[in-house]
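Close look at the chain arrangement
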Amino acid sequence: MSKEALHNISQDIFHNESLLQKNNKDVNSLIINDANSWINNAKSRPIPKMLFSELWYENELCILFSDTNLGKSILAVQIADSLSYGVSINGFKLECAPQKVLF
């Protein structure tokens, strides 16, 4: 595929995306930006704080899974307790203030 054809395709995508956004404010299934925009956007975001050392940061979804009777529920309660009091579990880092927890 030629460079010009790729450019035309990318322009069509940008055009169609802008039309979708004008017609429907809730359409956010695909966000298209150039690399510099993504980098600048990432620079402006605050650095997420650790919730459970390097294993879990703010604004992330964490799913505990393993075989039965290996301590997933106990660990989840310990993490929830740690987050609710703002006190780290021995051997793990916690960088946030006390938070509300739903378990």
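Everything quoted here is computed from the prediction, not taken from an experiment. (Residues numbered from 1 in each chain as written. Predicted model: local features only at pLDDT ≥ 70, side-chain atom pairs only at ≥ 80, totals over all residues. Heavy atoms only, no water.)

Broken down by element type, the chain carries 3 helices and 0 strands. Reading the secondary structure of the chain in the N-to-C direction produces α-α-α. Counting the 103 residues in the chain, one finds 14% classified as buried. Long-range pairs, those at least 24 residues apart, make up 37% of the contacts in the chain between residues at least 6 apart in sequence. With an accessible surface of roughly 8800 Å², the chain has 57% of that area assigned to carbon and sulfur atoms. (Helix = DSSP H or I, 4+ residues; strand = E, 2+ residues; numbered from the N terminus. Buried < 20%, exposed > 50% of the residue type's maximum accessible area, 1.4 Å probe, protein only. Contact = heavy atoms within 4.5 Å. Areas by Shrake-Rupley, 256 points an atom, 1.4 Å probe, with all protein chains shown as cover.)

Counting residues in each nonpolar core, the largest one holds 7 residues, listed as Leu51, Phe52, Trp56, Ile79, Leu83, Leu94 and Cys96. Here Trp56 is in contact with Met50, Leu51, Leu61, Cys62, Ile79 and Leu83, once residues within four sequence places are set aside. (Core = buried A, V, L, I, M, F, W, Y, C linked by side-chain atoms within 4.5 Å.)

Before going further, it helps to spend a moment on the side chain of Ser53. Residue placement: Ser53 occurs in the loop between helix H2 (35-44) and helix H3 (72-85). Polar contacts involving the side chain of Ser53 include one to the main-chain amide nitrogen of Lys93, which spans 2.7 Å. The residues contacting Ser53, other than those within four sequence positions of it, are Gly91, Phe92 and Lys93. (Polar contact = N/O pair within 3.5 Å; in protein donor to acceptor, adjacent residues only side chain to side chain.)

Its 14 residues place the ends of H3 20 Å apart at the C-alpha level, agreeing with the 20 Å of an ideal helix rising 1.5 Å per residue. The set of residues buried in H3 consists of Ala76, Ile79, Ala80, Ser82 and Leu83. The buried residues of H3 occupy an angular sector of 160° when projected down its axis, which confines them to one face. The exposed set on the far side of H3, more than 90 degrees from its buried face, consists of Ser73, Ile74 and Tyr85. Positive phi shows up at Gly86, right after H3, with a value of about 75°. (Expected span 1.5 Å × (residues − 1). Arc of directions from axis to C-beta.)

When glycine is set aside, most residues are seen to have a negative phi, and most peptide bonds are trans. Positive phi, close to 50°, is recorded for Ser53, a residue that is not glycine. The exposure class assigned to Ser53 is buried, which follows from its relative accessible area of 7%. Non-glycine residue Asn69 carries a positive phi angle of around 60°. Here Asn69 shows up in the loop between H2 and H3. Overall, Asn69 belongs to the exposed group, its relative accessible area being 79%.

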